[in-house]
Amino acid sequence: MFTFTAKGSVLLAALALTVGGVQSAAAADKPFAEKKIVLQISDPNPFKQTLVLNVANNLLKEYGTEGVEIEIVAFGPGLRLLFADNANKGRIQSLSTSGVEFRGCSNTKKNMAKKLGYVPVLNSIAKVEGPGVVRIVELVTDNGYTLVKP
Amino acid sequence: MKQALKKVALAVACAGGMAATIQVEAANWLMLQGTEPSSAAGRAKVWGFLQPTYTSMKGSEVAAGPWAGNEAQFNQLPPNLSSSKGFEIRRARIGVRGQGFPLDPKVNYFFLAEFGNNGITSTGGGNGQARMDHASVTLNHIPGARVRVGLFKVPISEEMLQAIHVFDYINFTNFGFQQLLERFFDADGAKVGPAFNGPNVPNGPIGAVRDQGIQVFDTFNTGGWDTSYAVMLGNGNGINRQDNNDSLDKYIYLSTEKVYAGKGPRVQSLKLFAWSQTGEREIFLNTTSVMETFDRKRSGIGATYRKGKIRAAAEILRADGMIFAGTDGGAVVGSVAGGPPAPVVGQIAGFNVQTEEKADAYYVHFGYAVTRSLELDIRHDVMNRGTEVSSNERKFTTTTLGAQWFFNLKNRLAINYEIRSAEAPNLPSTDNANLILDEMDNRLSLQITSIF
């Protein structure tokens, strides 16, 4: 029984690790988060930049910084939010300090580089790994996130 | 899950409302009008405002002198000068601004057109004509030295530089109206008698403190204060026309602003500023029948304060060289003199320019926000015009009582009552100049400003 229990515990621990590995790194930062929200910004309208940051801020107020996982995924024209010189960089820094993750789209970055003639400099806070839309699919289908597109 | 979605929906809804009240522009007029938020501006933002206005004066006539019995210029509604009361569309502007290539935040543009009835579109009572009001491109490539080129507001007095749609009053101060809104003339108007063809009238739209040229400017944070500078070279020949001499106007502006809260046009702050404009104008002297060049200089120093419910501003201003000096005998331009004295009989009244004179002025403004919707304002302004020659001097004093009712953030009603007086302080009270100026009427104005 003891042996079985020990084996069972090891198995459960291994299973938990495996599941954890599938989940985002962000989730591990807030183990007590009850809600998981991914915010999409892909719109050229600059008003949407303010809006998506406001939504993130309101969610933090509502659930508390430890109570909610928030990731903002920017792709298409919305990637301008994550440009290093963006006028909202102060707010982005502040939200990042509160645990909000920022993710940029690598495909969009490449396409913008073609148009600009140089690679756009993005905010160092932002992670740029793979297509933005794929990131959203992973978060929603595999990690239990709710997609909100303000 | 349902509860969580409800909270998310609430957060989105709150964010929408909150975002609508946030101004994303910078906190001073140079930046607000000349730049866009970096990487956060659209390709083309359409915007504008309308100002339907009603004005009423008693309509007192010229009381003495050769033009006695004619309509007094200062008691008629500019620019048409055909009535002492009535409705008009004071301003109707629509524009577009942004970053034409949104991926590159280093280039932005600003275009604005004027369709209202004012000195820009119908100077001196001429036919109205829609005109370009702003057309500028700003290059933000050099740190600390942004470059703006084209047609735009020059860095000048706070009263003029501020966005007109957030101006707390309906009419400008005496100095602003007479000495900063430049009228361009071919002649000084010092003719006597009917020898010249037609009255002396402006040869184009009013300057409206716009100029075409190049401006270098920027803003820096210096110990918690936003310190700004601007230096500009311009034609000094008004809106949308080439220069008429080989001399460019020079503008210098410096301000420092302690921001307490907020952003944009109604930022809460204490601002100190100083500015100067120097230029030359060529004008035909009626008395000598020759064209000569004269200086035109303007300068000022002042402060603004806005915090909580309190708004205040004060500025001291000077004009040196060529100054605007009203109309012949105080009469509406185009009025025919009945005389006496004999040489004047038959002369058609026109505008006058004093070519080597001075003027000084000040204004003090105080406002109080009684509620979120109601703001009360009072402004006192004094201008001494023609201070170099005692007989030229005219002193204009106006106290403006105002109230603004804000229907919402973009729409307001303003009511102004101006207690106006003027005198020639160095001439006897029985002199024609004083008899004429005694008839200056008070002025009631109502205006709706609707920003879109």
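Coordinates for the structure precede this section.
The shown structure was predicted, so the numbers you read here are calculated from the model rather than taken from an experiment.

**Overview of the overall build of chain B**
Along its length, chain B carries five helices and 16 strands. Classification of the 452 residues of chain B by burial places 52% in the buried group. Contacts in chain B between residues at least 24 apart in sequence constitute 64% of all its contacts with a sequence separation of at least 6. Of the roughly 18700 Å² that chain B leaves accessible, carbon and sulfur atoms contribute 60%.

**Comments concerning unusual backbone geometry**
Residue and element names in this part refer to chain B. Residue P79 follows P78 across a cis peptide bond; omega there is 5°. Backbone geometry at A208 places phi at a positive 55°, although glycine is not the residue there. Turning to its location among the elements, A208 is positioned in the loop between α4 (174–180) and β6 (210–222).

**Re the pairing of strand β7 (residues 225–234) of chain B**
Residue and element names in this part refer to chain B. Inspection of the sheet shows β6 paired to β7 by ten bridges, in the antiparallel sense. Bridging from a neighbouring strand, V216 pairs with V231 of β7. From the end of β6 to the start of β7, which pair antiparallel, there are two residues, and G223 there has a positive phi angle of about 60°. Here ten bridges tie β7 to strand β8 (residues 249–261), and the two strands are oriented antiparallel to one another. Among the inter-strand pairings, V231 is bridged to a residue of β8, identified as I252.

**Concerning the pattern of salt bridges**
Scanning the model with the defined rule gives 18 salt bridges over all chains in all. The shortest N-O distance in the salt bridge between E129 of chain A and R103 of chain A comes to 3.3 Å. One end of the pair, E129 of chain A, is in the loop between β4 (127–128) and α6 (132–143); the other, R103 of chain A, is in strand β3 (residues 101–104), and 26 residues separate them in sequence. By relative accessible area, which is 55% here, E129 of chain A ends up exposed. Under the relative-accessibility criterion, R103 of chain A is labelled buried at 8%. The partner of R379 of chain B in a salt bridge is E159 of chain B, with the nearest N and O atoms 3.7 Å apart. With R379 of chain B in strand β13 (residues 374–385) and E159 of chain B in helix α3 (residues 158–161), this pair connects stretches of sequence that are 220 residues apart. Pair check on accessibility: R379 of chain B and E159 of chain B agree, each one buried. Bridged by salt links that share partners, the residues E71, R103, E129 and R135 of chain A form one connected network.

**Describing the sheet that holds strand β2 (residues 68–74) of chain A**
Residue and element names in this part refer to chain A. With respect to topology, five strands assemble into an open sheet ordered β4-β3-β2-β1-β5, the strand pairing being parallel. The two strands at the open ends of the sheet, each matched to only one other strand, are β4 and β5 (146–148). Across four bridges, β2 lies against β3 in parallel orientation. Its bridge partner being in β3, A74 is matched across the sheet by G104. Packed on one face of the sheet, helix α3 (residues 46–63) meets β1 (35–41), β2 and β3 and runs near 170° to β1.

**Some words on the packing of aromatic side chains**
Residue and element names in this part refer to chain B. Under the criterion given, the structure shown has nine aromatic pairs over all chains. Measuring from ring centre to ring centre gives 6.2 Å for F167 and Y169, while their planes differ by 65°; the resulting arrangement is edge-to-face. Residue class for F167 comes out buried when judged on its relative accessible area of 4%. For Y169, a relative accessible area of 4% gives the class buried. For the ring pair F324 and F351, a centre distance of 5.7 Å and an interplane angle of 45° mean the geometry is tilted. Taken together, the residues span a long stretch of sequence, with F324 in strand β11 (residues 310–327) and F351 in strand β12 (residues 351–369) at a distance of 27 residues. Owing to a relative accessible area of 7%, F351 belongs among the buried residues under this scheme.

**Focus on the nonpolar core**
Residues I156, M160, F175, L180, Y253, W275 and L317 of chain B are the most contacted members of the largest nonpolar core, which totals 58 residues. When near neighbours in sequence (up to four residues on either side) are disregarded, F175 of chain B contacts L180, R298, L317, R318, A319, A359, A361 and M383 of chain B.

**Observations regarding the environment of S335 of chain B**
Residue and element names in this part refer to chain B. Position of S335 relative to the elements: it lies in the loop between β11 and β12. Residues S335 and G346 lie eleven residues apart in sequence; the distance between their C-alpha atoms is 9.2 Å. In this structure S335 touches W67, N70, Q347, I348 and A349, once residues within four positions along its chain are discounted. Polar contacts involving the side chain of S335 include one to the main-chain carbonyl oxygen of V332, which spans 2.7 Å.

**Observations concerning a negative patch on the surface**
Residues and elements named next belong to chain B. A cluster of acidic residues, D246, E280, E282, E292, D295, D320, E356 and E388, forms a negative patch on the protein surface. For the negative patch, the secondary-structure elements that each account for two or more residues are β9 (268–285) and β10 (290–307). Within the fold, D246 resides in the loop between β7 and β8. Owing to a relative accessible area of 85%, D246 belongs among the exposed residues under this scheme.

**Thoughts on the pairing of β6 of chain B**
Regular strands place their side chains on alternate faces of the sheet. Judged from the eight bridges that link them, strand β5 (residues 146–153) of chain B and β6 of chain B form a sheet pairing that is antiparallel. Looking at β6 of chain B, one finds that L151 of chain B is bridged to Q212 of chain B.

**Structural notes on the side chain of S269 of chain B**
Residues and elements named next belong to chain B. As for its position among the elements, S269 is in strand β9. Only 2.6 Å separates the side chain of S269 from the side chain of E257, close enough to count as a polar contact. With residues up to four places along the chain from it excluded, the contact list for S269 reads E257, K258, V259, Y260, T304, Y305 and R306.

What counts, and where the lines are drawn
Residues numbered from 1 in each chain as written. Chains lettered and ligands numbered in written order. Predicted model: local features only at pLDDT ≥ 70, side-chain atom pairs only at ≥ 80, totals over all residues. Heavy atoms only, no water. Helix = DSSP H or I, 4+ residues; strand = E, 2+ residues; numbered from the N terminus. Buried < 20%, exposed > 50% of the residue type's maximum accessible area, 1.4 Å probe, protein only. Contact = heavy atoms within 4.5 Å. Areas by Shrake-Rupley, 256 points an atom, 1.4 Å probe, with all protein chains shown as cover. Pairing = 2+ DSSP bridges. Salt bridge = Lys/Arg side-chain N within 4 Å of Asp/Glu carboxyl O. Axes fitted to C-alpha atoms, helices over the stretch in contact; angles between N-to-C directions. Phe/Tyr/Trp six-rings, centres within 6.5 Å; stacked < 30°, edge-to-face > 60°. Core = buried A, V, L, I, M, F, W, Y, C linked by side-chain atoms within 4.5 Å. Polar contact = N/O pair within 3.5 Å; in protein donor to acceptor, adjacent residues only side chain to side chain. Patch = residues over 30% accessible without salt bridge, like charges linked within 9 Å, V, L, I, M, F, W, Y side chains within 5 Å. Lys, Arg positive; Asp, Glu negative; His and termini not counted. Charge placed at Lys NZ, Arg CZ, Asp CG, Glu CD.

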